[in-house]
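# Observations on the three-dimensional arrangement
Residue-level listing of the chains:
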Amino acid sequence: MPSEQPQYLYKYRQVPGIDDIDVYLKHEGYNAVRKALTMDQEAIINEVKLSGLRGRGGAGFPTFIKWNGIPKNWDKPHYLVVNADEGEPGTAKDRDLMNALPHLLVEGCIISCWAIRSKACYIYIRGEYIQPARQIQKAIDQAYAKGFLGKNILGSGFDLDMYVHMGAGAYECGEESALMSSLMGERGMPRHKPPSAPLPVISGVWDSPTIVNNVETIATAVPIINMGGAEYAKVGTGTPGAGPASRGTKLITLSGHVKKPGNYEIVLGTPVREIIYEIGGGIKNDKKLKFFIPGGSSTPLLPPEFLDTPYDYEALGKTGSLLGSGALIVYDETVSVPALMTRLMHFYAHESCGKCTPCREGTNWLVKIHDRIMAGGGRPEDIDLLLDISNNIFGRSFCALGDAAAMPLAGFFAGKGAIYYFREEYEELIRN
Amino acid sequence: MLTEEVYKKIDTLIAKYPTKKAALLPALWVAQAANDNWLPREAMADVAKYLGLAPAYVEGVATFYTMYNKAPVGRHHLEVCHNIVCMVVGADELIDHIGGKLGVGRGETTPDRKFTLNTAECLGACANAPCMMVGDTYYEDLTTEKVDEILADLARK
Ligand SMILES: NC(=O)C1=CN([C@@H]2O[C@H](COP(=O)(O)OP(=O)(O)OC[C@H]3O[C@@H](n4cnc5c(N)ncnc54)[C@H](O)[C@@H]3O)[C@@H](O)[C@H]2O)C=CC1
Ligand SMILES: Cc1cc2nc3c(=O)[nH]c(=O)nc-3n(C[C@H](O)[C@H](O)[C@H](O)COP(=O)(O)O)c2cc1C
Ligand code: SF4
Ligand code: FES
């Protein structure tokens with residue numbers, strides 16, 4: 001890996017046994033908790049603000065704003081719910097973090113709970129992640145044994161309990177309101193959002209103020225407290241405090257046709273070319289790059305002319321795609337775009353929770369039309385029909401899953417998605 | 001049909017949440033594990049009764065989630081990812097290979113009930129694709145040779 005990539009989350013990733021608390025403690029482990037417990041809530045949130053941290057689950061919402069939204073009142077219970085549902089195709093970074101560095105997440109949770117005055121934390125882990133859940137449970141048990149969890153943590157008077165909650169197979173449960181429903185023992189369907197209902201920070205699980213954050217977001221609280229927010233923000237792109245900026249580092253999952261796929265920590269703003277060709281070692285079998293998907297399956301693909309795009313929220317947004325969950329998938333010249341999109345549309349149709357019509361019906365149509373094109377029964381008007389359906393799903397569905405199904409095909413602005421860039425591949429399939 | 005032992009486990013789950021209802025998903029997991037990895041209607045009804053929920057409600061929740069098996073599955077449930085990363089590094093060939101070896105198609109169980117073959121959506125192991133999940137174990141960076149070894153190994157269990 002190029003040496004100029006500072007490793008804040010992965011600093012001790014290679015240390016053997018770092019998933020065990022004794023080893024972790026020898027490597028700055030729980031120092032950030034000790035420090036945070038001497039700071040007041042506002043001071044912690046201020047460090048998070050200085051760090052420029054934005055939600056690593058995909059939406060990139062500034063974390064400090066969310067945390068600041070929690071009512072400043074100790075009497076009502078507040079909850080921290082960690083989103084470890086990681087289901088976005090292409091994304092494997094949270095699983096990797098929980099397996100390799102479970103104490104980093106537990107430590108981050110303690111800091112975050114202190115900052116938002118929560119005495120209970122639930123880690124919602126997707127059902128398939130049994131091994132990561134074991135790692136986290138082991139870390140929780142060890143943290144209790146050392147007095148980092150439970151009553152009166154390190155003599156601070158702060159009490160905190162932490163629980164693992166397993167999902168049971170539903171991509172939609174990663175959407176924060178669906179996740180909260182699922183945690184409360186319901187079907188994983190999303191709930192109303194503002195203006196028709198309050199944000200989770202006002203009323204989330206069990207009608208209490210709730211923060212839902214991604215695994216990586218919460219883990220990042222550890223280096224931020226250890227090094228200070230301003231120091232964390234020294235790397236990245238954009239000017240902190242002056243409009244949207246992408247500061248610090250990001251975990252990415254680099255996968256597909258690269259020589260060295262893996263989960264990597266990169267500085268935000270590293271050019272995509274450097275990630276694919278230096279960190280990833282280039283295209284497998286030295287084939288030609290056909291396109292890449294920058295931020296997980298929901299984000300529109302980009303052809304090679306975008307290779308010099310800095311990997312950050314703003315630059316990727318300008319291309320018509322998104323940074324999303326940080327899943328950079330690389331495809332060589334052998335890949336058929338319609339075949340790939342067919343598989344993807346099946347995924348979204350399968351995962352649509354069925355609550356709203358545009359997504360439930362629309363994704364099924366996207367599947368049917370793709371299936372008929374692939375089977376050789378495509379009609380010339382099918383391509384525009386796909387765009388039309390996508391545009392009818394986008395912005396009209398109840399939650400972002402509908403948008404996520406439409407975006408890869410039709411893009412989200414200027415209509416730059418798979419059909420825009422590879423229309424002739426669809427046409428050719430339909431002609432023959 | 002649930003045993004005392006299962007109810008005891010459910011009690012410890014209930015203690016984790018402010019409401020009994022919230023223990024539903026974990027309770028279904030426990031019930032499934034105690035019933036050869038699937039959820040008969042009676043098991044769901046028992047869970048419902050214990051948590052003070054309507055049986056229809058519990059079934060409604062259980063059927064929403066794909067990992068609760070509503071019918072018996074083989075002893076080894078092979079779930080092979082075929083999503084957009086695994087797909088381009090050989091997942092479909094792998095699924096066909098496994099199906100051919102076991103003599104089953106996708107979604108089918110071998111007559112001796114040892115193996116069920118299914119496709120899975122992204123398992124979060126994309127950097128080590130292709131991959132599959134068998135029970136609580138992930139197998140990654142799969143090749144046909146590797147799969148042959150795994151199948152032979154599982155056949156002995
Ligand atoms: N990591 C993964 O596996 C997956 C990630 N995603 C990502 O999810 C994203 C969409 O997520 P959504 O939650 O629908 O986005 P969103 O923009 O609605 O919300 C983002 C977060 O900000 C919070 N928020 C928004 N406005 C706020 C305010 N004024 N005050 C306080 N908090 C506020 C929300 O509660 C939420 O936690 C997509 O961009 C996609 O990349 C999608 C699928 C899977
Ligand atoms: C269909 C769908 C699935 C999602 N899945 C996840 C997920 O698996 N993990 C995650 O952190 N966020 C996921 N999100 C985003 C969450 O709704 C939410 O924005 C996020 O958990 C907030 O945390 P953050 O601010 O730390 O990113 C998903 C959103 C949608 C619409
Ligand atoms: S867009 Fe509608 S149908 Fe699709 S997952 Fe969201 S709520 Fe469910
Ligand atoms: S696409 Fe197969 S594990 Fe992610």
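Remember, predicted model here, so these are calculated numbers, not experimental data. (Residues numbered from 1 in each chain as written. Chains lettered and ligands numbered in written order. Predicted model: local features only at pLDDT ≥ 70, side-chain atom pairs only at ≥ 80, totals over all residues. Heavy atoms only, no water.)

The feature "binding site: [2Fe-2S] cluster" (unreviewed entry), as given by UniProt, occupies C81, C86, C122 and C126 of chain B in the numbering adopted here. Annotated residues spanning 46 residues; largest pairwise C-alpha distance 9.3 Å, indicating a single compact cluster. Examined against the element boundaries, C86 of chain B turns out to sit in the loop between β1 (76–81) and α5 (91–102). Other than its neighbours up to four places away in sequence, C86 of chain B contacts C81, A91, A129, P130 and C131 of chain B. Along the chain, C122 of chain B falls in the loop between β2 (115–120) and β3 (132–134). Not counting chain neighbours up to four residues away, the residues in contact with C122 of chain B comprise G87, E88, P89, G90, T91 and R126 of chain A together with C81 and N83 of chain B. (UniProt positions renumbered as here; feature names shortened; annotations may be inferred. Helix = DSSP H or I, 4+ residues; strand = E, 2+ residues; numbered from the N terminus. Contact = heavy atoms within 4.5 Å.)

Residue and element names in this part refer to chain A. As a structural note, the neighbourhood of ligand 3 is formed by 13 residues, with P190, C353, C356, C359 and C399 the closest of them. At a threshold of 2 Å from the grid points, most atoms of ligand 3 map onto the largest cavity. Taken together, the residues of the shell around ligand 3 break down into seven nonpolar, four polar and two charged. (Near = heavy atom within 4 Å. 1 Å grid on protein atoms, 1.4 Å probe; cavity = no way out; pocket = protein on both sides within 12 Å on 5 of 7 lines; lining within 4 Å. Sits in = over half its atoms within 2 Å of the grid points. Nonpolar A, V, L, I, M, F, W, Y, C, P; charged D, E, K, R; others polar.)

Of all hydrophobic cores here, the largest spans 189 residues; its most connected members are L105, I110, I123, I125 and M162 of chain A. The element that contributes the greatest number of residues to this core is helix α6 (residues 102–116) of chain A, accounting for ten residues. Non-local contacts of L105 of chain A, meaning those with residues more than four positions away in its chain, are made with V82, L97, M98, I123, I136, V215, I218 and A219 of chain A. In terms of nonpolar packing, the next biggest core, distinct from the first, is built from 16 residues, V80, I95, F115 and L117 of chain B among them. (Core = buried A, V, L, I, M, F, W, Y, C linked by side-chain atoms within 4.5 Å. Buried < 20%, exposed > 50% of the residue type's maximum accessible area, 1.4 Å probe, protein only.)

To continue, consider the site of ligand 2. All names here are of chain A. What surrounds ligand 2 is a group of 19 residues, the closest being G57, N83, N213, N214 and T217. Here an oxygen atom of ligand 2 and a side-chain polar atom of N83 are 2.9 Å apart. Taking N214, its side chain carries an N or O atom lying 2.7 Å from an oxygen atom of ligand 2. The fraction of the free accessible surface of ligand 2 (610 Å²) that becomes covered by protein chains is 87%. Within the residue set of the shell around ligand 2, elements represented by two or more residues are β4 (210–214) and α16 (400–410). Top element by residues in the shell around ligand 2 is β4. It accounts for three residues. Broken down by class, the residue content of the shell around ligand 2 amounts to four nonpolar, eight polar and seven charged. (Polar contact = N/O pair within 3.5 Å; in protein donor to acceptor, adjacent residues only side chain to side chain. Areas by Shrake-Rupley, 256 points an atom, 1.4 Å probe, with all protein chains shown as cover.)

The next subject is helix α8 (residues 176–183) of chain A. With respect to burial, α8 of chain A is a largely interior element, seven of its eight residues being buried. Structurally, α8 of chain A contributes buried residues whose contacts are with β1 (79–84), β2 (120–125), β3 (161–166) and β4 of chain A together with α2 (24–33) of chain B. Just downstream of α8 of chain A, G185 of chain A is the residue with a positive phi angle, here 90 degrees.

For the rest of this paragraph, the subject is the domain arrangement of chain B. Splitting chain B by domain gives domain 1 (4–64) and domain 2 (76–156). Here the C-alpha centre of domain 2 of chain B lies 29 Å away from the C-alpha centre of domain 1 of chain B. (Domains from an automatic or database assignment.)

Once that is clear, we can look at the packing of helix α14 (residues 357–374) of chain A against helix α17 (residues 418–431) of chain A. Residues and elements named next belong to chain A. Axis separation between α14 and α17 bottoms out at 8 Å; the angle between their running directions is 60 degrees. Compared by their axis directions, α14 and α17 come out oblique. Here H370, I373 and M374 of α14 lie close against α17, whose contacting residues are Y426, L429 and I430. When grouped by side-chain class, the residues that make up the contact of α14 with α17 number five nonpolar, one polar and no charged. (Axes fitted to C-alpha atoms, helices over the stretch in contact; angles between N-to-C directions. Parallel < 35°, antiparallel > 145°, perpendicular 65-115°, else oblique.)

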